[in-house]
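This is what each chain is made of:
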Amino acid sequence: MVKYKRVLLKLSGESLMGDQQYGIDSQRLSEYAEQIKEIADLGVQVGIVIGGGNIFRGLSGAAKGFDRVKGDSMGMLATVINSLALNSALEAIQCKSRVLTAIRMEPIGEFYSKQKAVDYLSQGCVTIFSAGTGNPYFTTDTGSSLRGIEIEADVMLKGTRVDGIYTADPEKDSTATKFETITFDEIYHKDLRVMDLTATTMCKENNLPIIVFDMDTKGNLKQVIEGENIGTLVHN
Ligand SMILES: Nc1ncnc2c1ncn2[C@@H]1O[C@H](COP(=O)(O)OP(=O)(O)O)[C@@H](O)[C@H]1O
Ligand SMILES: O=c1ccn([C@@H]2O[C@H](COP(=O)(O)OP(=O)(O)O)[C@@H](O)[C@H]2O)c(=O)[nH]1
């Protein structure tokens, strides 16, 4: 039995690198595609936003002297590259999928509209939302909250390399402990940085719950969809 009918899955660009220093690890990519097909085959409607941090981040470009807006455009294009890679990995295992772009660039992908997205989702097509929000100074976490709210997803699933939200960044503090559930307000009060504040606020104000979970362990996505308590649930 599935707990959620329509979900927005956010995948970290950085995780796509696997053990590499840069770019796309084909093993990691196909593992993601298999996990996604597994839930699509259960009838779950899956929208996806994928980051670009494995290729380019606007902020790190700015630190090296790039104009921030140009750097962010490069970051958004990086998300399109990752989206096309995921699209092709899904098609390779007979999982129907489409790429929509927040910036017009046909024929690489179709220009996004809510109507188009909902049509594809209703047809059982995994729909990948690329180029973030289409605006500089935003992140793909915010793009993901935005699309999740627009498509009226039941939940936003933040698939990452940590298995939930901790009292402190678990990659830096080994004494940090994990929350099973947490409210949006607690995230602000405890200043937890698993997602940026713009993304968190959009979800809070539009009542879109978030589950943060470890996407790098096979089968986890299906477990989340079936309502297993892995990861951390964020709610109002
Ligand atoms: N309180 C926290 N709990 C869990 N993870 C946290 C926390 N604070 C910071 N993080 C970091 O957030 C990251 C998850 O965000 P994600 O968007 O997937 O990463 P990235 O921005 O590197 O692509 C984790 O790798 C983790 O190191
Ligand atoms: O709406 C958006 C989404 C993303 N970006 C740019 O794209 C980069 C890659 O996205 P992100 O850092 O969110 O990817 P992730 O951390 O998930 O790999 C960001 O650094 C920004 O430069 C942007 O300008 N607007």
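Residues numbered from 1 in each chain as written. Chains lettered and ligands numbered in written order. Predicted model: local features only at pLDDT ≥ 70, side-chain atom pairs only at ≥ 80, totals over all residues.

Under the annotation held in an unreviewed UniProt entry, the protein chain carries the name Uridylate kinase and is attributed to Labilibaculum filiforme. Regarding the protein chain, the UniProt comment filed under Function (unreviewed entry) reads as follows: "Catalyzes the reversible phosphorylation of UMP to UDP." (UniProt positions renumbered as here; feature names shortened; annotations may be inferred.)

Undergrad: Would you take a moment to explain the overall build of the protein chain for this structure?
TA: Counting its secondary structure elements, the protein chain contains eight helices and nine strands. Taking the principal axes of the C-alpha coordinates as reference, the protein chain spans close to 50 × 50 × 35 Å. Across the 236 residues of the protein chain, 45% fall into the buried class. For the protein chain, long-range pairs separated by at least 24 residues make up 72% of all intrachain contacts whose partners lie at least 6 apart in sequence. (Helix = DSSP H or I, 4+ residues; strand = E, 2+ residues; numbered from the N terminus. Buried ≥ 20, exposed ≤ 12 C-beta atoms within 10 Å, placed from the backbone. Contact = placed C-beta atoms within 7 Å.)

Undergrad: Would you take a moment to explain the UniProt feature "domain: Aspartate/glutamate/uridylate kinase" (unreviewed entry) in the protein chain for this structure?
TA: When the UniProt feature table is mapped onto this chain, "domain: Aspartate/glutamate/uridylate kinase" (unreviewed entry) is found at residues 5-214. Along residues 5-214 one finds 39% helix and 18% strand; the C-alpha atoms at either end are 20 Å apart.

Undergrad: What exactly am I supposed to notice about the site of ligand 2 here?
TA: With respect to spatial proximity, 24 residues lie near ligand 2, and among them Gly51, Gly53, Gly58, Gly75 and Gly132 are the closest. Looking at the shell around ligand 2, the elements with two or more residues in it are helix H2 (58-63), helix H3 (68-92) and helix H5 (140-150). Top contributing element to the shell around ligand 2 by residue count: H3, with six residues. Among the residues forming the shell around ligand 2, the class breakdown is five nonpolar, 15 polar and four charged. (Near = placed C-beta within 6 Å. Nonpolar A, V, L, I, M, F, W, Y, C, P; charged D, E, K, R; others polar.)

Undergrad: Is there a simple way to think about the pairing of strand E9 (residues 232-235) in this case?
TA: For a regular strand, the rule is simple: side chains alternate between the two faces of the sheet. Side chains Thr232 and Val234 project from E9 onto a buried face, and the interleaved Leu233 and His235 project onto a face without burial. As paired strands, strand E7 (residues 181-183) and E9 are joined by three bridges and run parallel to one another. Paired with Thr181 across the bridge in E9 is Leu233. Examined bridge by bridge, strand E8 (residues 210-214) and E9 share three bridges and lie antiparallel to one another. Bridging across to E9, Ile211 finds its partner in Leu233. (Pairing = 2+ DSSP bridges.)

Undergrad: How should the UniProt feature "binding site: ATP" (unreviewed entry) in the protein chain be read in this particular structure?
TA: The UniProt feature table records "binding site: ATP" (unreviewed entry) at Lys10, Leu11, Ser12, Gly13, Gly53, Arg57, Thr160, Tyr166 and Asp169. In three dimensions, the annotated residues from a span of 160 residues occupy distinct locations, with a maximal C-alpha spread of 24.7 Å. Assignment of secondary structure puts Ser12 in the loop between strand E1 (6-11) and helix H1 (26-40). Owing to 21 C-beta atoms within 10 Å, Ser12 belongs among the buried residues under this scheme. Aside from chain neighbours lying at most four places away, what touches Ser12 is Gly51, Gly53, Thr160 and Arg161. For Tyr166, the position within the fold is in the loop between strand E6 (155-160) and E7. According to the C-beta neighbour criterion, Tyr166 is buried, with 20 such atoms within 10 Å. Beyond its immediate sequence surroundings of up to four residues, Tyr166 is in contact with Ala176, Thr177 and Lys178.

Undergrad: What am I meant to see in unusual backbone geometry here?
TA: Trans is the common state for peptide bonds, and a negative phi is the common state for residues other than glycine. For the bond from Glu106 to Pro107, the omega torsion is 10 degrees, close enough to zero to count as cis. For Pro107, the location among the structural elements is in the loop between strand E3 (97-101) and strand E4 (110-111). Phi is positive for Glu152, which is not a glycine, with a value near 60 degrees. For Glu152, the position within the fold is in the loop between H5 and E6. For Glu152, a count of 13 C-beta atoms within 10 Å gives the class partly exposed. With phi around 55 degrees, Asn207 is a residue other than glycine that occupies positive phi space. Residue position: Asn207 is located in the loop between helix H7 (197-205) and E8.

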